[in-house]
Each structure stands twice: as structure tokens, then as C-alpha cells.
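Results of the structural survey
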Protein chains: 2
Amino acid sequence: MGKAKSDKVKRGEGRAPLLRDVLRVPEGERVDLSTYDAGATPGGPHDKAAGLAATALMGERLGDLQERLWASSTGGDRRRVLLVLQGMDTSGKGGTVKHVIGLFNPSGCRIRAFKAPTREELNHPFLWRIAKALPEPGEIGIFDRSHYEDVLIARVRELVPRSQLGRRYGQINRFEQSLTEDGTTVLKCFLHISYEQQRRRLLQRLANPDKHWKFNPGDITERSLWPAYQESYELALERCTTPHAPWHVIPSNRKWYRNWAISTLLLEHLTSLDPQYPKADFDVEESRHQLLTEG
Amino acid sequence: MGKAKSDKVKRGEGRAPLLRDVLRVPEGERVDLSTYDAGATPGGPHDKAAGLAATALMGERLGDLQERLWASSTGGDRRRVLLVLQGMDTSGKGGTVKHVIGLFNPSGCRIRAFKAPTREELNHPFLWRIAKALPEPGEIGIFDRSHYEDVLIARVRELVPRSQLGRRYGQINRFEQSLTEDGTTVLKCFLHISYEQQRRRLLQRLANPDKHWKFNPGDITERSLWPAYQESYELALERCTTPHAPWHVIPSNRKWYRNWAISTLLLEHLTSLDPQYPKADFDVEESRHQLLTEG
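Fair warning: this is a prediction, and the values are worked out from it, not measured in the lab. (Residues numbered from 1 in each chain as written. Chains lettered and ligands numbered in written order. Predicted model: local features only at pLDDT ≥ 70, side-chain atom pairs only at ≥ 80, totals over all residues. Heavy atoms only, no water.)

**Details of the interface of chain A and chain B**
Applied cut-off: Whether two residues are in contact is decided by their heavy atoms: any pair within 4.5 Å suffices. Any Lys or Arg side-chain nitrogen located within 4 Å of an Asp or Glu carboxyl oxygen qualifies as a salt bridge. Only DSSP runs of H or I reaching four residues or more are called helices, and only runs of E reaching two or more are called strands; each is numbered from the N terminus. Side-chain classes are defined by residue name, with Ala, Val, Leu, Ile, Met, Phe, Trp, Tyr, Cys and Pro counting as nonpolar, Asp, Glu, Lys and Arg as charged, and the others, Gly among them, as polar.
Between chain A and chain B, the residue contacts involve 41 residues of the former and 42 residues of the latter. Taking the shortest distance from any N to any O, the salt bridge between Arg199 of chain A and Glu294 of chain B comes out at 3.9 Å. At the level of elements, helix H3 (48-74), helix H4 (93-103), helix H9 (195-207), helix H10 (218-223) and helix H13 (284-293) of chain A are the ones that each hand at least two residues to the side of chain A that touches chain B. Among the residues forming the side of chain A that touches chain B, the class breakdown is 23 nonpolar, eight polar and 10 charged.

Right, dumping it as C-alpha cells:
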């Protein structure tokens, strides 16, 4: 980047970059999560108060855009949004779902939390249970964990042979491409927290008896596999960042930044979709007249 | 009621009656909806400002109770809540869902809006699709329309023979009894609006081009069937008010009262359930030590 252009960007002249371009994983490059600061606030407000205020300000526009998206689907528009959330334990997937739902009309949202597969689910290809939970036209789908578990925990815990695992990245990419071709905006977010931040959050749970039910001594064993998980995430982010469905790394040590960033990404995508209320396909005046003159 | 007791109640002495007893349909009596004032505010705050404030005040307790219910389920407690919402077009079922979700953590809620049955659903008994959408232990289920459509529109539109319709009330009662025996609190609310109020709300939709997509000229035809629908509701409320799963009539011309009343009913039921956080089944100190000393 030449000095002139660099100065221009620094002074905020020209067009501000979209957050989705700032947080997007670069295509075709190795991903090294240790170079991503989980406590950073890229492109965001500089402190918590400003972050909360900026997030609150987005609420009305997001609600309006969602209503338009839903309304538009009643006129035959097949477009929809699927937000995929992944991250280590305590990274805030549940908190993000709660935050996102608060922005929208929940009736137009389809939330699904994926746990360890049931026996029935295991008897099907791994994408079977995913396909059943997809949003319908006009909806905002939210996945708390997803098909990526099948290349994350499945890799770390060696739940399937390596050769089968290797094929899954391509299967996922083709699956997601078919979704986008059918009108789904696939927004994939990795909630990135540091090893130290997870320790703090686990200790907080232990300090509060009302939170003990959320704790499992197995969580500590799982921490010993942290490097293997990070490596699996790096591979998944790398192999499954495609032009149609890129991954975004959301620094998530700061909850206010995480919520601001996810809200902003949703706003950017919904704004691009620019859904419109369908025009009335009936005689408005006639209907009004009927209502005003009925017996 | 003797004069002394009556005065005492009026002065607010003694125990305030639970709202669920105030709004509950009396068992074994004929229901005449024309005697229920859709604009009334029984047991509630006397104006909108007070209603909104009282509802906001319940939020924290409701959120806490829901977390306890969910936490308790992780310890094996099978209890859950199912809120069933029925009402005429524009009665505010969707708005109520949005309001209720706002009180809780949406991850612990299971929302389902029932539309006209699909071909697959029609190929099964009418309770089939209902059974598939029920809340799991610890969850709050919310039905926007329900199995009652199968004795409401099905009766008005004569979608099934009368003999089959007649059997459905008993089938519903046995079904709901089995739910309560398995730990489900079934909370059924009829959102009662007046004919005139529906006219006002439909005219509001027509006045705003952004709301035209919500309007269907068929809505007016449907209004001509208002008396038949009211009669079907009366029958359903009468035959399906049982000790285990009574109906409640929620006057819903005023949205603030409707939201206050539903919140209060949920609060009363969750308070009765009194769910508890499960005790830690692991050595808290040992886990803390491990986290503090890990490499």
C-alpha cells in the first residue's frame, strides 16, 4: 500500500472498509490462530460504553430489515440467512444466540443447538441433521455449533478415520455452495477466545454455586487438548473459507465487541440483500371500504 | 360472598388471588364469550404505564426461574412448560411470542407456529405434528396456534365429519393429561379481542403500505364467520378445560394488559414449580486447584 493511500485510510477518508472484509479469513492462505489477538477490537468502537451504544443503535435497522426479509418471502423471495457459530467452551455461543435473538422478531428465527449426535443421527450422513434444521425462505437461522463439529471434535477425538475426515471438508463446501445457490447467505463466525480467558471464565463458574451445573470436570481434560482443537479450527477455517461462504474470526474475549461485531456483520449482509415489502396484490381501497361499511 | 369478606377483598386485605384463578375458565360450565370484556384488565394494573412497568419488573425473576428450570433438567428433572396461544387473526399471537421470548433465554425456548397442515401432516393423526414440536425437559415451549385449530377452523370450515370432530375433544384432553403426567405444565391462553378491535387492527394494516403483505382480502371473508368461530372457541374452552390443563381467557384488546397477564401467568407457574440449581456432583475445590495450577 502506497503512503498516500495508507494516510488516507488512517484519516478515515474514502470508504470505510466493511467489517466482513476486515474479519474475513483470507482465502487460500494458511491460518495461524496464534496471530489473531482474541482481545482485539478490529474495526470496532474503542471501549465498552461506545460498543454497547453502537450495538443498541443497530437494533431498529436490523429489526426492520428482518421484517422486510420475511415479508419478501411471502411474495416468493427465497432468500434467507444462516448464522453459524463455532468456538471453544465458554467462548459465548449461547450468549451470542441470546443477543442476536434480541435484535430480531424470534418468530422469524430458527435456532438450533447441536449436541453430540444421537443414535439416529449417527445412522445418517453427518449433514443429515444439519439439512433438517436449515432456515426456510425469509428466516434467520442460527446454529449453535454445526456440521463443523464433524471436522473439529471428530478430528481431535479421532471419531472417524482420517480418510473420511479428509473428504468432509469438500462435502461441507459443496453443501454450503448449494445453500448459497438456493438463496441462503451463509455467515460463519468463529468466536475466538484465548486459553487464559477460558480459564478465567471456568473459574468464574466454579466461584458461583448457581453456575456449577454448567461445569464439568471433563472441561479441564478438554483444555489439555487445546492445541489440537486450535489446529483443527485452523484447518477448518482454511479449507472451508470459500468465495460463497467465508469464515470470520471474531475476537471474543470482550463480549461487547463480539456482540457488536456479529450485529454489524448481520447488518452488512441484510443491507446488501436489500429485501423489499411486496406490493399489495389486492385492491386496498376496496378492502378498506368493505371493512368500513360491514354490517 | 358475605359483606365482610367482600370488603376485605376490596381493601386488598388477605391474600391476593392468583391471576391464574382469576382468568381461568370455570370447569364444567357453559362458556359465553360475549360475557367476557375483551377490553378489561382483570387483576391487572390500571393503566398502560403501570402495566409496562410491572411487566418489566417481572423480567429478572422470570429469567432466573427459566435458568433454574433448565439447570434442573441437567440433573434429571423432567419438568417443562408449554404455553399454548390461540386467538382470532390480529389477536396478537405473534406479538405475544416476541414478548415472551424477550423475557427468557431463547436457547431454552422451543417456538412453533402451526400453519395449515402439510400433505405429510394430513397423512397422520392430527396430534402427530404437535407431538413432534413439544418442549424437552427444562424448556419453555411456545405454540402459536396448536392442536386446537383441529377443533376450531376444522369445525367452522367443516374440514372433518362431525363425529370425528366430536372425538377430538376427548383425544386432546387425554393427550394433554399425558403431557402433564410426564412433567409438562400446560398453560393455555385464548387471546380474546372484540370484533370491533379486529376491524381497527385490519384498517391499520391497510393504512400502512409496509403492512399490506400481512393483509389478505380473505381476512374479511373470515370475519363474516366470526360468530361461528366464537362458538367453536366456546366449545373448545368448555370441553377442554380440565383440572390438569385449564384454559385462560386473556382480554387482549389492550396489548400491555395481554403481555402483563401472560408474564404473570408464567411467573405464577414457574414460581410453583420452584426449580433448583442442581448441586455440584464433582469436587469444586479440586477443579479450582487444577485450573489454577495447570501448565
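So, next bit.
**What about the packing of aromatic side chains?**
The geometry of an aromatic ring pair is captured by the separation of the ring centres together with the interplanar angle, meaning the angle of the planes. Using the following cut-off: Pairing of aromatic rings covers Phe, Tyr and Trp, the last counted by its six-membered ring, and requires centre-to-centre distances within 6.5 Å; plane angles under 30 degrees mean stacked, over 60 mean edge-to-face, and any other angle means tilted. Burial here depends on accessible area, computed with a 1.4 Å probe over protein chains only, as a share of the maximum for the residue type. Under 20% is buried, over 50% is exposed, and the range in between is partly exposed. Here, over-ring charges are defined by two tests on the NZ atom of lysine or the CZ atom of arginine: distance to the ring centre within 6 Å, and angle to the ring normal within 35 degrees.
One pass over the full model with this rule turns up 14 aromatic pairs over all chains. Ring geometry for Phe215 of chain A versus Phe282 of chain B: centroids 5.1 Å apart, planes at 35 degrees, classification tilted. Taken together, the residues span two chains, with Phe215 of chain A in the loop between H9 and H10 and Phe282 of chain B in the loop between helix H12 (255-273) and helix H13 (284-293). Grouping residues by exposure puts Phe215 of chain A and Phe282 of chain B together as buried. On the basis of an interplanar angle of 35 degrees and a centroid distance of 4.4 Å, the ring pair of Phe190 of chain B and Tyr233 of chain B is categorised as tilted. Here the residue Phe190 of chain B occupies a position in strand S4 (residues 184-192), and Tyr233 of chain B occupies one in helix H11 (residues 226-239), the gap between them amounting to 43 residues. Judged by its relative accessible area of 1%, Phe190 of chain B is buried. Counting every residue linked through ring pairs, the aromatic cluster contains Trp256, Tyr257 and Trp260 of chain A. The ring of Tyr195 of chain B has Arg223 of chain B sitting right over it, with the charged end atom 3.9 Å from the ring centre. Its guanidinium or amino end placed over the ring of Tyr169 of chain B, Arg239 of chain B lies 4.8 Å from that ring's centre, counting from NZ or CZ.

**Observations regarding the nonpolar core**
Formally: Remark: nonpolar core denotes a set of buried residues (Ala, Val, Leu, Ile, Met, Phe, Trp, Tyr, Cys) joined through side-chain atoms within 4.5 Å.
Core analysis: the biggest nonpolar cluster contains 62 residues, and Phe104, Ile262 and Leu270 of chain A together with Phe104, Ile262 and Leu270 of chain B have the highest contact counts within it. Once you skip the residues sitting within four places of it in the chain, Ile262 of chain B turns out to touch Leu83, Leu85, Thr96, Val100, Cys189, Leu191 and Ile250 of chain B.

**A few points about the pairing of strand S5 (residues 247-251) of chain B**
Residue and element names in this part refer to chain B. Quick note on the threshold: Pairing between strands requires that DSSP locate at least two bridges from one strand to the other.
Counting buried residues in S5 gives five out of five residues, a clear majority hidden from the surface. Residue alternation in S5 divides its side chains into two sets, Trp247, Val249 and Pro251 and His248 and Ile250, and both sets are buried. Relative to S5, S4 is paired through five bridges, and the arrangement is parallel. Residue His192 lies in a different strand from S5, and its bridge partner there is Pro251.

**Describing the packing of H4 of chain A against helix H12 (residues 255-273) of chain A**
Residue and element names in this part refer to chain A. Using the following cut-off: Axis definition: a line fitted to C-alpha atoms, over the contacting stretch in the case of helices. Angles run 0 to 180 degrees between N-to-C directions. Working rule for angles: under 35 degrees goes down as roughly parallel, over 145 as roughly antiparallel, 65 to 115 as roughly perpendicular, anything else as oblique. When the near helix sits turned anticlockwise from the far one by under a right angle, the crossing is termed left-handed; a clockwise turn instead gives a right-handed crossing.
Between H4 and H12, the shortest axis-to-axis distance is 10 Å and the interhelical angle comes to 50 degrees. When the axes of H4 and H12 are compared, the pair comes out oblique. The two elements H4 and H12 meet at a crossing, and its hand is right-handed. Listed contacts from H12 to Gly95, Thr96, His99, Val100 and Leu103 of H4 are Arg258, Asn259, Ile262, Ser263 and Leu266. Split by residue class, the contact of H4 with H12 holds four nonpolar, five polar and one charged.

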